[in-house]
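Okay, here's what each chain looks like letter by letter:
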Amino acid sequence: MDKTLVIMAAGMGSRFGGLKQMEPVGPNNSIIIDYSIHDALEAGFNKVVFIIKHEIEKEFKEITKIIQAHPNYEFVNKKYGNGDLSAALLA
C-alpha cells in the first residue's frame, strides 16, 4: 500500500521575515522538512508531495536536499483563492 506524506508549505513567512520552511536548523544546515521527510521514509512512506506557491518552487527544489535522493516526489502549486484542502486533493 502506498503511503504519501503531504507537506503543506505554501506560507511566505511574512511574520517570520522569510521562508521559515527553508531556514537551516541542523548541524549540516538541514531544514526542518528534511527531518520530516527522513522520518516519514523510515516509517514506510514512499511518496512526498509538497503543496507550495509557484513563487517558491525553484527555491524548494534547490534547498531540499533529501528529495534529490528520493525520486518519488512532486510539487502541487497552491493557487490564489484555492484552499489548502483543494491543493491537497490534487496530490
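Use the structure listed above.
Definitions and limits used
- Residues numbered from 1 in each chain as written.
- Predicted model: local features only at pLDDT ≥ 70, side-chain atom pairs only at ≥ 80, totals over all residues.
- Heavy atoms only, no water.
- Helix = DSSP H or I, 4+ residues; strand = E, 2+ residues; numbered from the N terminus.
- Buried < 20%, exposed > 50% of the residue type's maximum accessible area, 1.4 Å probe, protein only.
- Core = buried A, V, L, I, M, F, W, Y, C linked by side-chain atoms within 4.5 Å.
- Contact = heavy atoms within 4.5 Å.
- 1 Å grid on protein atoms, 1.4 Å probe; cavity = no way out; pocket = protein on both sides within 12 Å on 5 of 7 lines; lining within 4 Å.
- Points joined across faces, edges and corners; volume = space filled by probe spheres on them.
- Nonpolar A, V, L, I, M, F, W, Y, C, P; charged D, E, K, R; others polar.

Colleague: If you had to explain the environment of Ala43 to someone new, which residues and values would you point to?
Modeller: The residue Ala43 is located in the loop between helix 1 (32-42) and strand 2 (47-52) in this model. By relative accessible area, Ala43 is classed as partly exposed at 49%. Put simply, Ala43 and Lys3 are 40 residues apart on the chain and 9.6 Å apart in space, counted from C-alpha to C-alpha.

Colleague: Would you mind going over the nonpolar core in detail, with residue names and values included?
Modeller: Membership of the largest hydrophobic core comes to 14 residues, with the highest contact counts inside it found for Ile7, Ile33, Ile37, Phe50, Ile52 and Phe60. Elements supplying a minimum of two residues to this core: strand 1 (4-8), helix 1 and strand 2. The contacts of Ile7, once residues within four sequence positions are left out, are Ile33, Ile37, Val48, Val49, Phe50 and Ile51.

Colleague: Lay out the layout of surface pockets with the relevant residues and their values.
Modeller: When its volume is computed, the largest pocket comes out at roughly 180 Å³. Forming the boundary of the largest pocket are Met8, Ala9, Ala10, Gly11, Met12, Gly13, Ser14, Arg15, Phe16, Lys20 and Gln21. Within the lining of the largest pocket, the residues separate by chemical class into 5 nonpolar, 4 polar and 2 charged.

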